[in-house]
Amino acid sequence: MTIPLPTLGVGLGFREPFLGDLFLNRRQVDFLEITADHYLDAPPEKEKELKLLAAHFTLIPHALNLSLGSAEGLDENYLRQLAALIKRVNPPWWSEHIAFTRAGGVDIGHLAPLPRTHEAVEVLCRNIAAVRRHLEIPLILENITYVVEMPGAEMNEAEFLAEVLQRADCGLLLDVTNLYTNSVNHGYDPHEFLARLPLERVVQLHFVGGHWHHDVLIDSHSQPTPPEVWELMNEVVARTPVKGVILERDEGLPSFAELAKELECAREILRRHGRWT
Amino acid sequence: MEWFTHNFIADMHGPQFLVFYGSVIIVTLAACWWATRNYDPTSSLPPPQIPAEPDPYEIAYLRGEENEVVRLIIFSLIQRGYLQVGTQHVRDGTREGQAGQLVQPIERTQNHPDPRHLSPIELMVFDWLATPRAAGEVFQSELPSRIKAHCAAVEQRLATQQLLTPPEWKQTAQLILIAGALIIVGLGGYKLFIALGEGRHNVGFLIIMGLIASFILFKTCRPSRLSRRGQLYLERLQQAFEKLKSQTAKAADPTADPMLLTLVGLFGVSVLAGTAYSSYQQTFQRATPTSGAWGSGSSCGSSCGSSSSSGSSCGSCGGDGGGCGGGCGGCGGD
């Protein structure tokens, strides 16, 4: 990640119900993250929506289903469509997850964690190299949540992330909520985890709140951001010049005013550490 | 005159000519449609940015000129307690074929706020409603034309942003329309003349084809009030705020929604269906303007806003700018 990236500020993961409020509160949203999959092979209304958003905001495409961790390689058709979309939007960067969503040609419908092995790192790097043959726009990788530890791990999660980022030469989309959720569910110290990450590779952050279900914290994107996540965000921003922060709310959508409050809190953290004016 | 009555077209048999005529019509309609769309000097321009504080009056004017502004002012006055939809029915003698029908009037409220707080344009509407009036009377009266005089600055601003069809392009579009009409009517008329001259009267299909083609040509190629840029801007505004329509309808107290006025300006009174103002919506839904003051049909169907943000249009709506509240409060000033 030697390409200098612009600082975008604090933005929102775009969801359709926000559309009207988004335009009425444009000054409170510095940029938008769009779910790339919603605009692949899209109907005319989505095409119009994309044009409308692109005319008013910097857009960061966030892909869900590239399945970078699939040992069988990438779905060429999906990759072509995704590349076409990203070239059209022409963002400063785009993002995908460190996960697999497809195995044996079957779409498993969710982000599954990779075994933390050197072989998995090789698979990721090979697939990312294939992506780069289609796209020169920088790709950043996001850490996911997981409920079950994959057996056969050769390294811990932080070491695995560091290895992937270094070998693939990618930036990190650090989902601080995912980090907090994993630390709670798997009983580790998130601050120690952060200390082992190559924070200089952090480009963007995700934040939101989840809910508890039978002593398990679920990353449901359905609640206001909890204090622990704000604290982690503060720690990351203090240590590295993040380029953008995205509130990723999907469920139990509150009024836009409440979302705007959270955006302002995040902006205040950036300001406190001189990352945003 | 031999060449006039005996040539390739004149000697063509009926069915053959109809196929030929149909082909000419299709090519002419396509060419005229393409020319009117693509030669619009604004078609290559991106639409203006959607303002963070859309001005409902400017939006209403762009969407439907003075008639929409009148509707919006009346609605604003109802929202602020100056006017109401009366319960004592009055006779609406304005509507063709329905003279004497009883309708709910628009009237002043008994304890309305002090009208000195109103802007000049609002005061004009308020004064005009000194006696209860049927909504239909609004569009039959001189009120819209008086409002239009106050909206000259808005018109100018919209024209400067190239949202309205410039006069020179209107002329060009009219020439295209005339050329298309000459081809369709001229060819059909010529063949009709020849056929009748030869004593043949089986010309029904020919006449029907000519009439239908002329109608389509007029509907699709007549110059619209809004430029291509204006139409696109209007579409984008409606697209951006579409979701707010349902949110407003679902709101516990839509009367308190500051966005309601903008939504009425943007989508018309239909957004009030199912809200506390549905009686106003029904009253005006029935009272459709019959004059040509709505401008082109195409522009009325959609809606708009302004890239120049609030406050600006109030000055123009209000004429001298006095008492303009600005923004969504529109010409309020109180």
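Placed above this text is the structure.
Residues numbered from 1 in each chain as written. Chains lettered and ligands numbered in written order. Predicted model: local features only at pLDDT ≥ 70, side-chain atom pairs only at ≥ 80, totals over all residues. Heavy atoms only, no water.

Peer 1: Describe the overall build of chain B, with residues and values.
Peer 2: Broken down by element type, chain B carries 14 helices and 5 strands. Here chain B holds 334 residues, and 48% of them are scored as buried. For chain B, the proportion of contacts with a sequence separation of at least 24, taken over those separated by at least 6, is 74%. Here chain B displays about 15,200 Å² of accessible surface, and carbon together with sulfur accounts for 59% of that area. (Helix = DSSP H or I, 4+ residues; strand = E, 2+ residues; numbered from the N terminus. Buried < 20%, exposed > 50% of the residue type's maximum accessible area, 1.4 Å probe, protein only. Contact = heavy atoms within 4.5 Å. Areas by Shrake-Rupley, 256 points an atom, 1.4 Å probe, with all protein chains shown as cover.)

Peer 1: Residue-level account of empty space enclosed by the protein, with values.
Peer 2: All names here are of chain A. Per the counting criterion, the structure on display carries 2 cavities of 30 Å³ or more. Its volume calculated, the largest cavity comes out at about 160 Å³. Around the largest cavity, the lining comprises 13 residues; the ones closest to its centre are P113, I144, Y146, E157 and F160. Considering only residue class, the lining of the largest cavity consists of 9 nonpolar, 1 polar and 3 charged. (1 Å grid on protein atoms, 1.4 Å probe; cavity = no way out; pocket = protein on both sides within 12 Å on 5 of 7 lines; lining within 4 Å. Points joined across faces, edges and corners; volume = space filled by probe spheres on them. Nonpolar A, V, L, I, M, F, W, Y, C, P; charged D, E, K, R; others polar.)

Peer 1: Tell me about the interface of chain A and chain B, and name the residues and values.
Peer 2: Facing the 16 residues of chain A at the interface are 15 residues of chain B. Each partner contributes to the roughly 1,400 Å² buried at the junction of chain A and chain B, and carbon and sulfur atoms together form 52% of this total. Taken as a group, L24, R26 and L52 of chain A account for 33% of the area that chain A buries against chain B, more than any other trio of residues on that side. Where chain A packs against chain B, one counts 2 salt bridges. Secondary-structure elements contributing two or more residues to the side of chain A that touches chain B are α1 (19-24) and α2 (44-56) of chain A. By residue class, the composition of the side of chain A that touches chain B is 6 nonpolar, 2 polar and 8 charged. (Buried area = accessible area lost by both parts, 1.4 Å probe. Salt bridge = Lys/Arg side-chain N within 4 Å of Asp/Glu carboxyl O.)

Peer 1: An account of the nonpolar core is requested, with residue identities and associated values reported.
Peer 2: W94 of chain A together with I74, I147, F241 and Y280 of chain B are the most contacted members of the largest nonpolar core, which totals 137 residues. Among the nonpolar cores identified, the runner-up in size contains 18 residues, and L29, A173, I184 and L187 of chain B belong to it. (Core = buried A, V, L, I, M, F, W, Y, C linked by side-chain atoms within 4.5 Å.)

Peer 1: Describe in detail the layout of surface pockets, supporting the description with residues and values.
Peer 2: Residue and element names in this part refer to chain A. Of the volumes computed, that of the largest pocket is approximately 570 Å³. If you trace the largest pocket, you find 26 residues lining it, with L64, H97, L111, D219 and H221 closest to the centre. Elements that contribute at least two residues to the lining of the largest pocket include exactly β2 (31-35), β6 (106-112) and β11 (216-223). No other element matches the 5 residues that β6 contributes to the lining of the largest pocket. For the lining of the largest pocket, the per-class residue count stands at 5 nonpolar, 12 polar and 9 charged.

Peer 1: Give me the lowdown on the sheet that holds strand β1 (residues 83-85) of chain B, citing residues and values where you can.
Peer 2: Residue and element names in this part refer to chain B. Spatially, the 3 strands line up as an open sheet ordered β1-β4-β5, and their pairing is antiparallel. Sheet topology places β1 and β5 (133-134) at the edges, where each strand pairs with a single neighbour. Both strand β4 (residues 105-108) and β5 contribute to a ladder of 2 bridges, which runs antiparallel. Residue pairing for β5: I106 is matched across the bridge by R133. Sheet strands in contact with helix α3 (residues 56-79) are β1 and β4, and its direction is about 100° off that of β1. (Pairing = 2+ DSSP bridges. Axes fitted to C-alpha atoms, helices over the stretch in contact; angles between N-to-C directions.)

Peer 1: Quick one: what's the story with the pairing of strand β8 (residues 171-175) of chain A, residue by residue and with numbers?
Peer 2: All names here are of chain A. Taken across its 5 residues, β8 has 5 buried, putting it largely inside the fold. Of the two faces of β8, the one lined by G171, L173 and D175 and the one lined by L172 and L174 are each fully buried. Sheet topology places strand β7 (residues 139-142) next to β8; 3 bridges connect them, and they run parallel. Each residue of the ladder has a partner; that of E142, found in β8, is L173. In the classification by handedness, the crossover that spans β7, the intervening helix α5 (residues 157-168) and the parallel β8 is right-handed. Across 4 bridges, β8 lies against strand β9 (residues 202-207) in parallel orientation. Among the inter-strand pairings, L174 is bridged to a residue of β9, identified as L205. (Right-handed = clockwise from strand over helix to strand, strands pointing away.)

Peer 1: So, the packing of helix α4 (residues 118-134) of chain A against α5 of chain A: which residues are in play, and what are the values?
Peer 2: All names here are of chain A. Running from N to C, α4 and α5 point in directions that differ by 35°, and their axes come no closer than 10 Å. The way α4 lies across α5 gives a crossing that is right-handed. Residue-level contacts link H118, A120, V121, E122, L124, C125, I128 and R132 of α4 to F160, E163, V164, R167 and A168 of α5. Taken together, the residues that form the contact of α4 with α5 break down as 8 nonpolar, 1 polar and 4 charged. (Left-handed = near helix turned anticlockwise from the far one by under 90°.)

Distances and angles like these do not, on their own, reveal function.
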